[in-house]
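Observations on the three-dimensional arrangement
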Amino acid sequence: MKIKLLITLCLLSSTDHIFAQNDFYSLESIQEIEIIFEENDWAEILDGFYIAGDKERLLGTVTINGERLDSVGIRYKGFSSVSVDRKKNPFNIKLDYVSNQSYQGINKIKLGNVIHDPTFIREALSYEIARNYMPASQANFARVSVNGEFLGLYSNVEAVNKDFIADYFNSSSNAFFKGAPENLSFTGENANLGNNPGLDTTAYFPFYDKESDNGWTALVEFIQELNEEPELISNSLNVDRALWMHAFNYVVVNLDSYIGYAQNYYLYQDDLGQFNTIPWDLNMSFGSFSITDASDNFDGVSLAAAKRLDPLAHFNSVSVQPRPLMRNLFENDRYRKMYLAHIRTILNEQFAQRQYVGRIAEIQSVIRSAVEADPNKFYETSGFDSNVNTTYTDLIQYPGITDLMDERYAYLDNYLGNKDMSLAVVNQASSTEPGSDLVIEVESNSVTTATIYFRENETQRWQELPMTATETDKWTGTLQMPASGVEYYVYGENDEIGIFSPARAAYEFHKVLPSISNQLPFNDVVINELMATQDFTQADEEGEYDDWIELYNTTAQNLNLAGLYLSDKPGQFDKWAFPDTILPADDYMIVWADEDGSQGPLHANFKLSAGGEHVYLGYADGTVIDSISFSEQEKDFTYGRLPNGVGPFGKLVPTFQSSNETSRVEEQESSDFFLYPNPVSEILTVESRMDGEATIILYNNLGQRLALQEYSKFCRLNFSGYVSGIYFVTVLESTKQSTFRIIKQ
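Remember, it's a predicted structure, so these values are computed and weren't measured experimentally. (Residues numbered from 1 in each chain as written. Predicted model: local features only at pLDDT ≥ 70, side-chain atom pairs only at ≥ 80, totals over all residues. Heavy atoms only, no water.)

**Regarding helix α4 (residues 216-228)**
Put simply, the rule is: Every helix listed is a DSSP run of H or I at least four residues long, and every strand listed is a run of E at least two residues long, numbered separately from the N terminus. Each helix should span, by expectation, one fewer than its residue count multiplied by 1.5 Å. Classification of residues uses two cut-offs on accessible area relative to the type maximum, computed with a 1.4 Å probe and protein chains only: under 20% is buried, over 50% is exposed, and between them is partly exposed. Contacts are assigned to residue pairs with any non-hydrogen atoms lying within 4.5 Å of each other.
Between its first and last C-alpha, α4 extends 18 Å over 13 residues, near the 18 Å set by a 1.5 Å rise per residue. When we look at burial in α4, the residues that qualify are Trp 216, Ala 218, Leu 219, Val 220, Phe 222, Ile 223, Gln 224, Glu 225 and Leu 226. On its buried face, α4 is in contact with β10 (176-179), β11 (208-210), β12 (265-269), β13 (275-279) and α8 (324-330).

**Examining the sheet that holds strand β28 (residues 565-567)**
Put simply, the rule reads: Between any two strands, at least two bridges found by DSSP are needed for them to pair.
Strand order across the open sheet formed by four strands is β29-β28-β33-β34, with antiparallel pairing between neighbours. Either end of the sheet is taken by a strand with one partner, and the two such strands are β29 (576-577) and β34 (624-630). Examined bridge by bridge, strand β33 (residues 613-618) and β34 share six bridges and lie antiparallel to one another. The partner of Val 615 across the bridge, within β34, is Ile 628.

**Some words on the confidence of the model for the protein chain**
Spelled out, the test is: Scored between 0 and 100, pLDDT is the confidence that the predictor attaches to each residue.
Taken over all residues, the pLDDT of the protein chain has a mean of 89, while the share at 70 or more is 92%. Across residues 1-21, where pLDDT falls below 50, the model places 87 contacts with residues more than four positions away in sequence or in other chains. Across residues 666-670, confidence stays below pLDDT 50; counting only partners more than four residues off in sequence or on other chains, it has eight contacts.

**Overview of the pattern of salt bridges**
Side chains that differ in charge, positive against negative, can pair when their charged atoms come close. Our working definition: Salt-bridge detection follows one rule: a side-chain nitrogen of Lys or Arg within 4 Å of a carboxyl oxygen of Asp or Glu.
Inspection of the entire model under this criterion finds 32 salt bridges. Glu 32 is the partner of Arg 143 in a salt bridge, and the nearest nitrogen-oxygen pair spans 2.6 Å. Pair noted here: Arg 143 is in strand β8 (residues 139-146) and Glu 32 is in strand β3 (residues 30-36), with a separation of 111 residues, a long-range link. The shortest N-O distance in the salt bridge between Lys 307 and Glu 407 comes to 3.0 Å. Here Glu 407 lies in helix α12 (residues 401-415) and Lys 307 lies in helix α6 (residues 303-307), a separation of 100 residues in the sequence. Residue classification places Glu 407 among the partly exposed positions, given a relative accessible area of 43%. Taken together, the shared-partner salt bridges in this structure form one network comprising Glu 28, Glu 128, Arg 359 and Glu 362.

**Looking at the packing of aromatic side chains**
Inclusion rule: Working definition: rings of Phe, Tyr and Trp (its six-membered ring) pair if their centres are within 6.5 Å, and the pair is stacked with planes under 30 degrees apart, edge-to-face with planes over 60 apart, and tilted otherwise. To sit over a ring, a charge needs its Lys NZ or Arg CZ within 6 Å of the ring centre and within 35 degrees of the ring normal.
Throughout the structure, instances matching the rule amount to 43 aromatic pairs. Aromatic rings pair up to connect Tyr 127, Phe 169, Phe 176, Tyr 266, Tyr 268 and Trp 280 into one cluster. Above the plane of the ring of Tyr 154 lies Lys 88, whose end atom (NZ or CZ) is 5.4 Å from the centre. Looking at Arg 323, its charged tip hangs above the ring of Tyr 258, at a distance of 5.9 Å from the centre.

**Brief notes about the pairing of β8**
The element β8 is largely enclosed, with a buried count of seven among its eight residues. Relative to β8, β3 runs parallel, the two sharing six bridges. Looking at the pairing, Ile 30 lines up with Phe 141 of β8. What sits between β8 and strand β9 (residues 149-158) in their antiparallel hairpin is a turn of two residues, with Asn 147 showing a positive phi close to 50 degrees.

**Quick look at a nonpolar patch on the surface**
Note the threshold: Residues enter patches when they are more than 30% accessible in relative terms and free of salt bridges; like-charged ones are connected within 9 Å and nonpolar ones (Val, Leu, Ile, Met, Phe, Trp, Tyr) within 5 Å. Note that accessible areas follow from Shrake-Rupley with a 1.4 Å probe, and for residues the cover is restricted to the protein chains shown.
A contiguous nonpolar patch, built from Leu 59, Tyr 97 and Val 98 and spanning about 280 Å² of accessible area, is present on the exposed surface. Position of Val 98 relative to the elements: it lies in the loop between β6 (91-94) and β7 (108-112). Judged by its relative accessible area of 55%, Val 98 is exposed.

And the structure:
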């Protein structure tokens, strides 16, 4: 695509999401995790839970990097990595098992015992590679001890749960499943997304774990379409995500996945109605799993076969066990070429110059001393170094990673053919005013067809626009520039293979921002108040007590908010776009931060964190007209400006969609004031140990004043005429004021 950029136009290579690295998953350090059980026979108890096959947990205390969390729930995790004869078993730790608590916003910790990997780095390295091309977990290492005994060095992998889903998909309440057969069959279909179980949703229960509140019907409908009408599969599947997962698994020979036993992956149905694949359990990548590939090597994958594993085995050959998510996609000519293009990208970026070898050395340097000190590791310390390059033999053979991947690269590089194929966006004069033509041109060799895939933002599906050949190796296409900008990538192909620009499409894409000539001045519209956690202060249209953000128009004229965005992600300021809507002069607007756009146009695709975060109001080009950073919030109080619209932020009695008239809340000192009973049914008693007269003011949860009463030392407020809910009592004295939350039963 040729585009000549104006000064006001930004052409960006963008990803769906930008994340700040969480220290808890940083590969630059090792986490310290100490588990304390009151039971001395904790291992026998957890063994019993595992043998019984249930998911019951044992209560314990966990200290993470010096931070203590009580009443967490702990069980073993995994299947083949657990044994009642092992001291070093993997753990699944649920921090919010009893109470709402987390560590750095994380409520579930997955600790692997690093079995099947003498190098210790297969899992962490594989996840790091995968995250370049698809949503995938972060992973590092933790030293783990139980009741004072050091068990060893564990892998520490980010859980694929609703928090993970919300980060990547801006929602978390849709159908969400894990391919995890209850009884793994070595010759069966397992969680292969085949439709042999039929139309009865209950027949699929043994093969998939439901992680959402509902969704069985959606899953079975998707499975039926995949098997019966694969030509329509893009209606219910994010095909590109599945192709990336297959490409990754085949390049790094990760057969303990959909390829081998049809397991170890997640499916999440986004707000567009498409299921997205997410890889899981990468500890046996780089050839460590060698039992089957469900095709030519159904009875075992030798090292020689692993090096030359055909990435189209389930197209070129047989599927001993059906793998419709591969075969039915690969039978589509375009999808097959896109898949091969993704393989080429992974090879070029990770393995062509042996880039991964240096990264192995860096990771191992961080964990070397911990590995050496691990009293329960499954392999000799010598294997930590030797298995990087050469085969390590124990009960099975673990391929040397470089030995495997050097030959695998050579095989795949030759397999893919034309290495000189190119596709590049080139720049040419173009107006970027909304509604004008945006001309896209590309230069490419060896391409016989070119297509633009475009959308305004991630709330839309990609649309296709065939490009026209203008001259040798040049193609052009024209889009109408949307007011909010356009995201796009270009795909070209010939009879053998395809190619993308950018190479990591559609996980990454180009973005063109419009010329903006009428941006609102700073502070014309402000973030005025927000609520990050509530029980029943203010419900939305559906009766749900969700997070909300209040905006205030500080001017004397009506303002159209089209073109503005709200975001809670630094660096991704265009996360949620305002609809074409008017905020009247000197008035307020509520945006519900609930990840549920189906409930109305003013429901954002993110939630607020009660533990604290940032909120930004601005434009897609990065211009911020207001922002706020807040720390941990207290339930049913808000954080807002006082004086209204212009003052600094502080803890407030909620003033939903109205002026912040009430005074800022000061923390109470229990030795000075006593309010009881709370909750209250009829009479609330207020006692003070302060000298002098005082004033009591009663507010409802909208900040409206209901009563004012003077008192000295002792006062009673009659609640019998008020409806159940949240109320606030402010005590004003000459040198002090405090506000208390009261629950009316």
